[in-house]
Amino acid sequence: LITGVPRVVTVHDLAFHLYPEQYPGRKQRYLRTMTKLSVRRAARVIAVSEATRQDIIRLYDADPARIVTVPNGVGPEMRRLDADTVAAFRSKHGLTTKFALFLGTLQPRKNLETLLRAYARSANETGRELVVAGATGWQHEQIFDLARQLQILDRVRFVGFVPSEDLPLWYNAADVFVYPSLYEGFGLPLVEAMACGTPVIASDTPALSEVVGSAGLVVGTKDVPALAQALLELAREPELRHELIERGLRRAGDFSWRRTA
């Protein structure tokens, strides 16, 4: 805020503004104040999606001419891996059945409650496990409590934080990647999963719908039956699965760090 040269600021999301109840008070106030001042003083503001760009314009009354959409990308490490490598990884982690994968911080905004309820409805028919990967965050205890109430703890595996070098292995090993978040500024895990040849299911929030396009299944954020049905469809319909894999690979090709640069 005090530099004397032109400034370019990147805004990755505005969750602290749209979901303030999910942030500790001091952190939320800091982010709201500093982001508003930064956007106001910047010569240009980069938004990582058109949805985030529109949020910046709307929430901060910013000049649209100064707000530029520059999507995130994925690196070459996010790719389909050979069968032997994936089999070795599955064996190492005791992954003996097909599984649906979620990746993200365990907090209310990620909408894991809807995922767990949808999984509980579909698990017996799909035969899949559910792997929930990510560090614990704000109000994460409710997620574990719900898994107990739904009596699915024996079929849900919480693997904690995943280091970046292991991400392509988890994506490749998964049967489907599910990202039902209530709000994201971009949704990078969806692009990573598609780049690894894994079909994706996303919620219909603006940024996620924008990123996925027609390359995945998109359902309402709180629509448990629709999410359960999407999980069933990808288990029952191999032609749909193959089509979404191919669409996802093409879609992921639109998001590279070279293109971002």
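Residues numbered from 1 in each chain as written. Predicted model: local features only at pLDDT ≥ 70, side-chain atom pairs only at ≥ 80, totals over all residues. Heavy atoms only, no water.

(A) Representation of the overall build of the protein. A tally of helices and strands in the protein yields twelve helices and nine strands. Rg of the C-alpha trace for the protein: 19 Å, near the compact-globule value of 18 Å for 261 residues, within the 12% margin. Dimensions along the principal axes, computed over C-alpha positions, put the protein at roughly 60 × 40 × 30 Å. Residues classed as buried in the protein amount to 48% of the 261 residues present. Taking as baseline every contact in the protein between residues at least 6 positions apart, the subset at least 24 positions apart corresponds to 72%. On the protein, roughly 12,600 Å² of surface is accessible, and the fraction owed to carbon and sulfur atoms is 51%. Between the centroid of the 33 positive side chains of the protein and the centroid of its 29 negative side chains there is a distance of 7 Å. (Helix = DSSP H or I, 4+ residues; strand = E, 2+ residues; numbered from the N terminus. Rg over C-alpha atoms; globule rule 2.2 N^0.38 Å. Buried < 20%, exposed > 50% of the residue type's maximum accessible area, 1.4 Å probe, protein only. Contact = heavy atoms within 4.5 Å. Areas by Shrake-Rupley, 256 points an atom, 1.4 Å probe, with all protein chains shown as cover. Lys, Arg positive; Asp, Glu negative; His and termini not counted. Charge placed at Lys NZ, Arg CZ, Asp CG, Glu CD.)

(B) Quick peek at the packing of helix α5 (residues 112-126) against helix α6 (residues 141-149). Taken N-terminus to C-terminus, the directions of α5 and α6 make an angle of 15 degrees; their axes are 10 Å apart at the nearest point. The pairing of α5 with α6 is recorded here as roughly parallel in orientation. The handedness of the crossing between α5 and α6 comes out as right-handed. For the pair formed by α5 and α6, the contact residues are Leu112, Glu113, Leu116 and Arg117 on the first element and Ile143, Leu146 and Ala147 on the second. (Axes fitted to C-alpha atoms, helices over the stretch in contact; angles between N-to-C directions. Parallel < 35°, antiparallel > 145°, perpendicular 65-115°, else oblique. Left-handed = near helix turned anticlockwise from the far one by under 90°.)

(C) Examining the nonpolar core more closely. Core analysis: the largest hydrophobic core is formed by 64 residues, its most contacted members being Leu101, Tyr171, Phe177 and Ile201. Filtering out sequence-adjacent residues up to four positions away, Leu101 remains in contact with Val131, Ala133, Trp170, Tyr171, Ala174, Val176, Phe177 and Val178. By size, the runner-up hydrophobic cluster in this structure holds 15 residues, among which are Val45, Ala47, Ala62 and Ile67. (Core = buried A, V, L, I, M, F, W, Y, C linked by side-chain atoms within 4.5 Å.)

(D) Fine view of the pattern of salt bridges. With the rule as written, the count across this model stands at twelve salt bridges. For the salt bridge of Glu129 with Arg157, the shortest nitrogen-to-oxygen distance reads 3.7 Å. Within this pair, whereas Glu129 is found in strand β5 (residues 129-133), its partner Arg157 is found in strand β6 (residues 156-160), the two being separated by 28 residues in sequence. With a relative accessible area of 19%, Glu129 lands in the buried category. (Salt bridge = Lys/Arg side-chain N within 4 Å of Asp/Glu carboxyl O.)

(E) Just helix α3 (residues 50-60), in detail. When we look at burial in α3, the residues that qualify are Ala51, Thr52, Arg53, Asp55, Ile56, Ile57 and Tyr60. Elements in contact with the buried residues of α3: β1 (8-11), α1 (15-18), α2 (25-41), β2 (44-47), β3 (67-69) and α9 (206-212). Taken from the residues just after α3, Asp61 is the one with a positive phi, measuring 50 degrees.

(F) Here's a closer look at the pairing of β6. Where β5 and β6 come together, four bridges link them in parallel fashion. Within β6, the position partnered with Val131 by the bridge is Arg157. At this point the chain moves from β5, through α6, to the parallel β6, and the crossover so formed is right-handed. (Pairing = 2+ DSSP bridges. Right-handed = clockwise from strand over helix to strand, strands pointing away.)

(G) Highlighting the sheet that holds β6. A sheet is described by the order of its strands in space; here six strands give the open sequence β6-β5-β4-β7-β8-β9, paired in parallel fashion. Where the open sheet ends on each side, the last strands, each with one partner, are β6 and β9 (217-219). Strand-to-strand, the axes of this sheet are offset by a mean angle of 20 degrees, without reference to chain direction. Pairing analysis gives three bridges linking strand β7 (residues 176-179) to strand β8 (residues 200-203), with the strands arranged parallel. By the bridge assignment for β8, Tyr179 is matched with Ala202. Contacting β4 (99-103), β5, β6 and β7, α5 crosses the sheet at an angle of about 165 degrees to β5.

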